[in-house]
Amino acid sequence: VLSHNLCTVLNVPHDPVALEEHFRDDDEGPVSNQGYMPYLNKFILEKVQGNFDKVEFNRMCWTLCAKKNLSKSPLLISDEDAFKVWVIFNFLSEDKYPLIIVPEEIEYLLKKLTEAMGAGWQQEQFDHYKIALNTSREGLSAWELIELIGSGQFSKGMDRQTVSMAINEVFNELILDVLKQGYMLKKGHKRKNWTERWFVLKPNIISYYVSEDLKDKKGDIILDGNCCVEALPDKDGKKCLFLIKCMDKSFEISASDKKKKQEWIQAIQTTVNLLRAGSPPPHKEARQKRKELRQKLLAEQEELERQMKELQTANENKQKELETVRKQLEAAAARAAEEEKKRLQTQVELQDRFSLELEREKMVRQKMEEQVAQKSSELEQYLQRVRELEEMYKQLQEALEDEKQARQDEETVRKLQARLLEEESAKRAELEKWHLEQQQTIQMTEAEKQELENQRMIKEQALQAAMQQLEQLELERKEALEQYEEVKKKLEMAANNTKSWKDKVAHHEGLIRLIEPGSKNAHLITNWGPAAFTEAELEQRQKSWKGKKNTSE
C-alpha cells in the first residue's frame, strides 16, 4: 500500500512484480527498514521526473508520521497549520540525518512569522531561549518546532486566526514560492472588460484565479528575461494602471491604490531581473547564503579547533621541554651546589692561609714598630745631643774671647751638621728599603693584594710618620745651622777681644767633644780618647772647610 501510494503521488508507474521479486525472501517476517530503503531508492525515487505535486507528497509523508510523533498536548494551531510548519521545517532543516533545524533558521522562521503577524520581534527573549537551547543540543526536531510555535511562546497576544494566517503566508512564500498575491483588475483581450482576479506571483509565472481559494484558475502569465513591466496613465476611468509585456501578449492590470501598484511593479521587475540573471528565488538564495555562512563558520570553528589542538600539542611539547629544562636546571643546581661547597672549602682554606699571612704581617709590623721605637730612641739620643750642644753653646758664649776655640767650635758644629746629613742619608736609605720591601710584598700575589691593602696603608702611614720625623730633623738641622751662623757671628765679634788663642784652646779643648754613639768604622785616637770622625771623613771635612774659607775671604 505504501509503495502504491508513493508511486501514485510521484507519478511513477507501480511495478508489483518488482516488489514481489525484491521481497520474496521476507514472506515469513516483517519488512525491515534496511530492506525497504534499497527498494524505495531503486524502483521509486530513481524514476521520479519532478512533475508531481510536492504538497500532496508532503501531505502523504505527514500522514505517515504525524500520528506517531505529534505532541498530545493541546496546541494553539490547527493540524493543517502544524502540517505547514512541518513542511517549512523540511525546507529549512540541515541536510543530514537526523533532521534538525539550527537556532539561526529558527530565528529566521520566527522573525518571518512575527513580521507576518504585524508584531514586534523580541530579540532579547529569543537570545535567552537560544542560550538555553545551545546548552542542551544543537537544534530542534520537526515536532519540537511545531510544539514551540503551537505553544505561543513567541506569539503572545495573538489569536489563532492571526497565527494561522502568518503560517499560511510564510508557507506560501517558502514552500509554494509565492512572491506576492492579491486582488487586482485585469482587462480582457477579447471583450476588453475589466474583471477582478486573484493574482499569485511565482518565480517564473503569474497565475490568476477567480478567488483566493485557488480553485478556479483562469490563466497564467509566463515570465522570462524578455518580459518587462511599466506604469500606465489613468484612462477609461481606471486608475493605478500598469502593463506587463511578454513575447506574445501584453496584460493591462489595475491595482487598488498607488502603493499596491508600486509594490506589484517592483515585485514583477525583481522577478524578471532574477530570471535574466538565472538566480533562484530570494528566499532560496537567502537560505543558501545562510547555509554557506554556517558552513564557513563551521569550517572556521573546525580550523580554530584544529589550531587549538596544534597549540595544545605545541604547549604539551613546550611543557615537556620545560620539564626537561627544569631537570637540567636541577642537575645544574646540584652541580652548582657542589661547586659552591668546593668554593666554600677553598675559601676556608684561603682564609686560613690569609690568617697565617696576616699573623706573619703582624709580626713584620711588630718588628717594624720595634725598629721605629729604636729609631725613636736614637732620635731621643739625638735630641739629647742637641740639648748638650745648646749647653755647649752657652759655655762657648762665655769663652768667646778665644778665636781658636771659636774655630774649633765652628769645626765641631760643621762636623755635627755632617753627622746629621749622614744620619739623614741613612734614614732615607732605610726608608727606601722599607718602601722597596713594601713594593715587593705588594707584588707577591694579586689575590693577596686586596687583603694586604689595609696593611700597606698602615705601612705607608708609618712611612709618612717617619718622613715627617725626617722633615722635623731637617727643620732642626736648619735651626742648628741658623744657631751656628749666630754663633759664628758672635765668635767673629769675640775674635777681636781674644788675646791668647792658644791658651784658650788648651783650656777649653776638652769641653767641645760630643757625647755620641761610636762609629762602626775605625776611629782616630787622640790624647783625650776616640775621635768623632774617621781619617777619611776628617780629610773630606777639612777640604770642605778650606773651600768655604777661601770663598768667604
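In this report, we go over the structure that sits alongside the text. Computed from a predicted structure; not experimentally measured. (Residues numbered from 1 in each chain as written. Predicted model: local features only at pLDDT ≥ 70, side-chain atom pairs only at ≥ 80, totals over all residues. Heavy atoms only, no water.)

## Describing the pattern of salt bridges
For step 1, the next point in the chain: Enumeration according to the criterion identifies 24 salt bridges in this entry.
For step 2, the next point in the chain: The partner of Glu105 in a salt bridge is Arg294, with the nearest N and O atoms 2.5 Å apart. Linking Glu105 in helix 6 (residues 103-117) with Arg294 in helix 11 (residues 282-398), this pair joins segments that are 189 residues apart in sequence. Summarising the burial analysis for this pair, Glu105 and Arg294 share the class buried.
For step 3, the next point in the chain: Where Glu303 meets Arg306, a salt bridge forms, and the shortest distance between an N and an O atom there is 2.1 Å. Residue Glu303 and its partner Arg306 are located together in helix 11, separated by 3 residues, close to a single helical turn. (Salt bridge = Lys/Arg side-chain N within 4 Å of Asp/Glu carboxyl O. Helix = DSSP H or I, 4+ residues; strand = E, 2+ residues; numbered from the N terminus. Buried < 20%, exposed > 50% of the residue type's maximum accessible area, 1.4 Å probe, protein only.)

## Digging into the nonpolar core
For step 1, the next point in the chain: In terms of nonpolar packing, the biggest core is built from 39 residues, with Trp62, Trp86, Leu92, Ile106, Leu109, Ile146 and Ile149 touching the most fellow members.
For step 2, the next point in the chain: Within the residue set of this core, elements represented by two or more residues are helix 4 (54-69), helix 5 (79-92), helix 6, helix 7 (123-136), helix 8 (142-150) and helix 9 (160-174).
For step 3, the next point in the chain: Apart from residues lying up to four places away in sequence, Trp62 is in contact with Leu70, Asp79, Ala82, Phe83, Trp86, Trp143 and Ile146.
For step 4, the next point in the chain: Counting residues in each nonpolar core, the second largest holds 21 residues, with Ile206, Tyr208, Cys240 and Ile244 among its members. (Core = buried A, V, L, I, M, F, W, Y, C linked by side-chain atoms within 4.5 Å. Contact = heavy atoms within 4.5 Å.)

## As for a negative patch on the surface
For step 1, the next point in the chain: Together, Glu479, Glu482, Glu485 and Glu486 line one region of the surface with negative charge.
For step 2, the next point in the chain: In this fold, Glu479 is placed in helix 13 (residues 449-495). (Patch = residues over 30% accessible without salt bridge, like charges linked within 9 Å, V, L, I, M, F, W, Y side chains within 5 Å. Areas by Shrake-Rupley, 256 points an atom, 1.4 Å probe, with all protein chains shown as cover. Lys, Arg positive; Asp, Glu negative; His and termini not counted. Charge placed at Lys NZ, Arg CZ, Asp CG, Glu CD.)

## So, the sheet that holds strand 4 (residues 217-222)
For step 1, the next point in the chain: Taken in spatial order, the 7 strands make up an open sheet running 4-3-2-1-7-6-5, and their pairing is antiparallel. At either margin of the open sheet sits one strand with a lone partner, and together these are strand 4 and strand 5 (228-232). On average, each strand axis in the sheet is tilted by 35° relative to the strand beside it, whichever way the strands run.
For step 2, the next point in the chain: Direction of pairing for strand 3 (residues 205-209) relative to strand 4: antiparallel, over a ladder of 5 bridges. (Pairing = 2+ DSSP bridges. Axes fitted to C-alpha atoms, helices over the stretch in contact; angles between N-to-C directions.)

## Things to note about the packing of helix 5 against helix 9
For step 1, the next point in the chain: Two elements in contact, helix 5 and helix 9, have axes separated by 10 Å at closest approach and are oriented at 35°. Seen along the crossing, helix 5 lies across helix 9 with a hand that is left-handed. The residues of helix 9 that touch helix 5, namely those facing Asp81, Lys84, Val85, Val87, Ile88, Phe91 and Leu92, are Ser164, Ile167, Asn168, Val170, Phe171 and Leu174.
For step 2, the next point in the chain: Along the lines of polarity and charge, the residues of the contact of helix 5 with helix 9 split into 9 nonpolar, 2 polar and 2 charged. (Left-handed = near helix turned anticlockwise from the far one by under 90°. Nonpolar A, V, L, I, M, F, W, Y, C, P; charged D, E, K, R; others polar.)

## Details of the pairing of strand 1 (residues 180-187)
For step 1, the next point in the chain: Across 8 bridges, strand 1 lies against strand 2 (residues 194-202) in antiparallel orientation. Counterpart to Leu185 in the pairing with strand 2 is Glu196.
For step 2, the next point in the chain: Taken together, strand 1 and the strand that follows it, strand 2, pair antiparallel across an intervening segment of 6 residues, in which Lys192 is found at a positive phi of about 60°.
For step 3, the next point in the chain: Where strand 1 and strand 7 (residues 250-254) come together, 2 bridges link them in antiparallel fashion. Looking at the pairing, Leu185 lines up with Ser254 of strand 7.

## Some thoughts on the packing of aromatic side chains
For step 1, the next point in the chain: A complete count under the given rule lists 10 aromatic pairs for this structure.
For step 2, the next point in the chain: Ring plane angle 65° and centroid distance 6.0 Å describe the contact between Trp62 and Phe83, whose orientation is recorded as edge-to-face. Note that Trp62 is positioned in helix 4 and Phe83 in helix 5, a separation of 21 residues in sequence.
For step 3, the next point in the chain: Clustering of aromatic rings is evident, with ring pairs tying together Trp62, Phe83, Trp86 and Trp143.
For step 4, the next point in the chain: The positively charged end of Arg290 is found above the aromatic ring belonging to Tyr108, 3.6 Å away from the centroid. (Phe/Tyr/Trp six-rings, centres within 6.5 Å; stacked < 30°, edge-to-face > 60°. Lys NZ or Arg CZ within 6 Å of the ring centre and 35° of its normal.)

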